[in-house]
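# Examination of the molecular architecture
One letter stands for each residue in the lines below.
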Amino acid sequence: MSVLRLPPLPSLRDILKIYKLTAIKQLSQNFILDTNLTDKIIRKTGNLADSCVLEVGPGPGGLTRSILNQRPKKLIVIEKDTRFQTTLDMLADAFASVNGEMQIIFDDIMKVNMSNLFPTSEIKAWEDKSPRIKLIGNLPFNVSTPLIIKWLKAISERTGAWEFGRTRMTLTFQKEVAERLVAEPLNIQRCRLSVMAQAWTRPILHFIIPGSAFVPKPDVDVGVVTFVPLSVPRTKHEFGIFEKVTRHIFHYRQKYSIRGAETLFPIEHRTELAQTMYKLSDLDPHLRPVQLTVEDVDKLVSAYKYLLEKHPDIEFYDYRSSRRIISQRHAKNIEIVDCTDL
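Please read these numbers as outputs of a predicted model, since none were measured by experiment.

What the chain contains, in helices and strands, is 12 helices and nine strands. Dimensions along the principal axes, computed over C-alpha positions, put the chain at roughly 75 × 40 × 35 Å. Sequence separation of 24 or more characterises 70% of the internal contacts of the chain that already satisfy a separation of 6 or more. Surface exposure of the chain reaches about 16,300 Å², of which carbon and sulfur atoms provide 48%. Taking the average location of the 48 positive side-chain charges in the chain and that of its 39 negative ones, the two points are 4 Å from each other.

Residue P216 is reached from V215 by a cis peptide bond, and omega for that bond is -10 degrees. Positive phi outside glycine occurs at R71, with the angle close to 60 degrees. Along the chain, R71 turns up in the loop between α3 (62-68) and β3 (74-79). Among the residues examined, R71 registers a relative accessible area of 34% and is labelled partly exposed. If you check the backbone angles, L186 has positive phi at about 80 degrees while not being a glycine. Turning to its location among the elements, L186 is positioned in the loop between α6 (175-182) and α7 (192-200).

The subject of this paragraph is helix α11 (residues 294-310). Between the first and last C-alpha of α11 there are 25 Å, a value that for 17 residues agrees with the 24 Å anticipated at 1.5 Å per step. As for α11, its buried residues are in contact with α7, α8 (239-249) and α10 (270-281).

Our focus in this paragraph is the packing of α8 against α11. Here α8 crosses α11 at 110 degrees, and the two axes come no closer than 9 Å. Judged by the inter-axis angle, α8 sits roughly perpendicular to α11. For the pair α8 and α11, contact is made by I241, F242, K244, V245, T246 and I249 and by V294, V297, D298, L300, V301, Y304, K305 and L308, respectively. Classifying every residue of the contact of α8 with α11 gives 10 nonpolar, one polar and three charged.

Evaluation of the coordinates by the stated rule reveals 14 salt bridges. E157 is paired through a salt bridge with K153; the nearest N and O atoms lie 2.6 Å apart. Taken as a pair, E157 and K153 lie in helix α5 (residues 141-157) at a separation of four residues, close to a single helical turn. The class for K153 is partly exposed, based on a relative accessible area of 35%. Here R259 and E262 are joined by a salt bridge, their closest N and O atoms 3.8 Å apart.

Time to look at the UniProt feature "binding site: S-adenosyl-L-methionine" (unreviewed entry) in the chain. In the numbering adopted here, UniProt assigns the feature "binding site: S-adenosyl-L-methionine" (unreviewed entry) to N30, I32, G57, E79, D108 and N138. With respect to the helices, strands and loops of the structure, I32 is situated in strand β1 (residues 31-32). Not counting residues up to four positions away in its chain, the partners in contact with I32 are L12, L37, T38, I41, G62, N138, A213 and F214. Mapping G57 onto the fold places it in the loop between β2 (52-56) and α3. Beyond its immediate stretch of four places on either side in the chain, G57 contacts I78, E79 and N138.

Under the feature "domain: Ribosomal RNA adenine methylase transferase N-terminal" (unreviewed entry), the UniProt entry names residues 37-231. Annotated as residues 37-231, this span is 31% helix and 24% strand, and its ends, taken at the C-alpha atoms, are 31 Å apart.

It is worth spelling out the environment of F106 at this point. Structurally, F106 can be placed in strand β4 (residues 102-106). Placed 29 residues apart in sequence, F106 and V77 show a C-alpha to C-alpha distance of 8.3 Å.

Our next topic: the packing of aromatic side chains. Overall, the coordinates contain seven aromatic pairs when judged by the stated rule. Geometrically, the ring pair formed by F118 and F164 is edge-to-face, given 5.6 Å between the ring centres and 85 degrees between the ring planes. With F118 in the loop between β4 and β5 (133-137) and F164 in the loop between α5 and β6 (168-174), this pair connects stretches of sequence that are 46 residues apart. As far as the burial class goes, F118 and F164 line up, both buried. When the ring of F173 is compared with that of F227, the centres are 5.9 Å apart and the planes differ by 75 degrees; the resulting orientation is edge-to-face.

Moving on to the confidence of the model for the chain. Detailed reading of the predicted model is not advised wherever pLDDT is low. With 90% of its residues at a pLDDT of 70 or more, the chain shows a mean pLDDT of 90. In the model, residues 322-329 has pLDDT below 50 throughout and makes 12 contacts with residues more than four positions away in sequence or in other chains. Note on residues 336-342: pLDDT is under 50 here. Beyond four places in sequence and across chains, it has 14 contacts.

Procedures and definitions
- Residues numbered from 1 in each chain as written.
- Predicted model: local features only at pLDDT ≥ 70, side-chain atom pairs only at ≥ 80, totals over all residues.
- Heavy atoms only, no water.
- Helix = DSSP H or I, 4+ residues; strand = E, 2+ residues; numbered from the N terminus.
- Contact = heavy atoms within 4.5 Å.
- Areas by Shrake-Rupley, 256 points an atom, 1.4 Å probe, with all protein chains shown as cover.
- Lys, Arg positive; Asp, Glu negative; His and termini not counted.
- Charge placed at Lys NZ, Arg CZ, Asp CG, Glu CD.
- Buried < 20%, exposed > 50% of the residue type's maximum accessible area, 1.4 Å probe, protein only.
- Expected span 1.5 Å × (residues − 1).
- Axes fitted to C-alpha atoms, helices over the stretch in contact; angles between N-to-C directions.
- Parallel < 35°, antiparallel > 145°, perpendicular 65-115°, else oblique.
- Nonpolar A, V, L, I, M, F, W, Y, C, P; charged D, E, K, R; others polar.
- Salt bridge = Lys/Arg side-chain N within 4 Å of Asp/Glu carboxyl O.
- UniProt positions renumbered as here; feature names shortened; annotations may be inferred.
- Phe/Tyr/Trp six-rings, centres within 6.5 Å; stacked < 30°, edge-to-face > 60°.
- pLDDT = per-residue confidence, 0-100.

Here is the structure:
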């Protein structure tokens, strides 16, 4: 299929000058003005022809132009900064002139309900191939991690854009975050984010973009990552409890993993309950967090849930709080489970 030719438009650099648009540091804005680079990013998203595409944070429209050139059936852009309305309206008008549809929404992506944005005709069964829906974004650094956690939760619950099936997303992250997302066991970059991403998706790091390619130049390089939701997740546990256990285990990344697991429990019985948790999981408590697979963490979550059934009060324990959520009376009444016969 030939590439769509939009009507002649001013270059991005000219648009920034004409409308006196500059990046706002507080919003972590960095623009990509090189069309060869934006085209390269969009090629990694797969075939966009006849697809419904949602772009997060289009800014002046660098990636947007490359998306439109691939002839999506519909493009929805969600931008928080209303300064870009004129530039985005210009692209919408150009796309409309070739019978394309572009919808512009000025809102915070963290608050948007995506389940209302796509036609029900695009719904696919979870086990089928991905629907003709793509999420794309050159994300501001200050929103990238909370947004991917929010979307991983939506994937686990099959809500929002994932009510339509295994919707793929291609997003940019700081290089370090991108490398953490794909880090396998034994990789020094492996962390909570690695386990969470790999429990419900197959993250793919395509390439690294040097910071010099952005305007203004950030202090870090940027990685382009695609997330492919798994037809069969690597855990059956709820997102909340899986994230909680994972977060605690990686709290002390350089120590034995049981040290982090201990923080799940009140001090009075911390050692005994953490050891019980590892016995139930048939795991060596001297494993480092970076050595754990998703399946290992899944076993630890199962063991933690078993202990919650035996001792419901420990669910509300928060080791970070200056005062204990569990009273001394409840903590002293916890009876340690003998796992020798389990």
